[in-house]
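# Breakdown of the fold
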Amino acid sequence: MGYVKLVKNKNYYKRFKVKMRRRRECKTDYALRRTLIKQDKRKYNTPKWRFIVRKSNTDVICQVASSKMIGDQILCAAYSHELKRYGLNVGLTNYAAFYCTGLLLARRLLKKLKLDKVYPGKKKLDGNKFRSQVTNVRWKPNDKICRPFKCLLDIGLARASTGARVFAALKGAVDGGLDIPHSERRFPGFKQGKGDEKDEYQADVHADKIFGGHIRDYMEKLKDIDSEKYAKHFSQYIAAGLDADKLKEKYAEVHRKIRANPSAPPKKERDYKTMKLFPKHPKKLSAEVRRERRIARIKELAKIEAKKKNNDVMDDDEEE
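First, a word on scope: everything that follows refers to the structure included in this document. (Residues numbered from 1 in each chain as written. Predicted model: local features only at pLDDT ≥ 70, side-chain atom pairs only at ≥ 80, totals over all residues. Heavy atoms only, no water.)

## What to know about the overall build of the chain
Each helix and strand counted, the chain has 11 helices and 6 strands in total. Against the globule reference of 20 Å for 320 residues, the chain gives a C-alpha radius of gyration of 32 Å, more extended than a compact globule. With the principal axes as the frame, the chain shows a C-alpha extent of 110 × 70 × 65 Å. For the chain, buried positions account for 31% of its 320 residues. At a minimum sequence separation of 6, the contacts of the chain that also span at least 24 residues come to 61%. Counting 79 positive and 41 negative side-chain charges, the chain places the averaged centre of each group 13 Å from the other. (Helix = DSSP H or I, 4+ residues; strand = E, 2+ residues; numbered from the N terminus. Rg over C-alpha atoms; globule rule 2.2 N^0.38 Å. Buried < 20%, exposed > 50% of the residue type's maximum accessible area, 1.4 Å probe, protein only. Contact = heavy atoms within 4.5 Å. Lys, Arg positive; Asp, Glu negative; His and termini not counted. Charge placed at Lys NZ, Arg CZ, Asp CG, Glu CD.)

Pasting the structure below:
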């Protein structure tokens, strides 16, 4: 056998550094996070806000947060299960729901910062590119000039593919009045030109998807092909009274209600007097009390045993 070089020697293991916990759990891309939270030295202690979009099996989470030494500070948050307050009870993780959640967060945050009237966002949803700017506002002579709230998109480990749902939340937040640097390259309806051809962006395709057009097309197609599968697949939509023709009106109504009242619902006040609290731990018994309990238990068991013997003797006498 030839000479085998020992690569991982003692010095290698002495210098080995375990990766961070959330990297080992495949939850955080620290290379991306480092880029998003890195702040210029001239802006010491100035928060750098991120527009965070995450998805679970049943919910959409949108947050505006900044990084601090003790952890992330959440300035505002919105969830797709809150859309039930605005009349949308089904399809809480589709493209249109992502848009509604991003719009809800933007309007809620600007109302919290008292900028909702200054930056109303884009009310006509046609899919075209929009960005809130100071120059677009008609300032009065005595008004305090405020720039739009700026943040950066953070999609985590999600794949940044064209037409992904995370970009629907981005579009909703931008139309809601937030200033998030972006382009239309990842929106539905964008086609990259081949060779010398120019890129093409069809805004009407994107607007149709914001109002649930892809769901409408699939509902109509499935209803014509297999009515039983349609009734099973869209049972919640049917129970809520939503068919293919009513989807656009429903989403437009949800957008209006969000703009009218984006505030979070008041927290429920707990009545601690009527609440069932956890039972208190029993008081620890002393050694003498435990000894007395053991003696009493032994005597009780002895009585039970003696009673059993007496019953056995009486049964034997009766048999004889």
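## Things to note about the pairing of strand S1 (residues 50-55)
Of the pairings in the sheet, the one linking S1 to strand S2 (residues 60-68) comprises 6 bridges and is antiparallel in character. Across the sheet, Arg54 pairs through a bridge with Ile61, a residue of S2. Where S1 folds back on S2, the antiparallel hairpin that results is connected by 4 residues. Sheet analysis places S1 next to strand S4 (residues 152-154), joined by 3 bridges and oriented parallel. Note on S4: the bridge partner recorded for Ile52 is Asp154. (Pairing = 2+ DSSP bridges.)

## Let's talk about the pattern of salt bridges
Taken as a whole and judged by the stated rule, the model has 16 salt bridges. Lys171 is the salt-bridge partner of Asp175, the closest N and O atoms lying 3.4 Å from each other. Here Asp175 and its partner Lys171 are both found in helix H5 (residues 166-176), 4 residues apart, which amounts to about one turn of the helix. Overlapping salt bridges bring together Arg33, Arg50, Arg54, Asp72 and Asp154 as one network. (Salt bridge = Lys/Arg side-chain N within 4 Å of Asp/Glu carboxyl O.)

## Some details on the sheet that holds S1
Across the sheet, which stays open at both edges, the 4 strands sit in the order S3-S2-S1-S4 with mixed pairing between neighbours. Lying at the two open borders of the sheet, with one neighbouring strand each, are strand S3 (71-79) and S4. Averaged over all pairs of adjacent strands, the angle between their axes in this sheet comes to 30 degrees, without regard to strand direction. As paired elements, S2 and S3 share 8 bridges and run antiparallel to each other. Directly across from Val64, in S3, lies its bridge partner Cys76. Here helix H3 (residues 30-37) sits on the sheet and contacts S1, S2, S3 and S4; the angle it forms with S4, its principal contact strand, is near 160 degrees. With respect to the sheet, H5 is in contact with S1, S2 and S4, its orientation differing from that of S1 by roughly 140 degrees. (Axes fitted to C-alpha atoms, helices over the stretch in contact; angles between N-to-C directions.)

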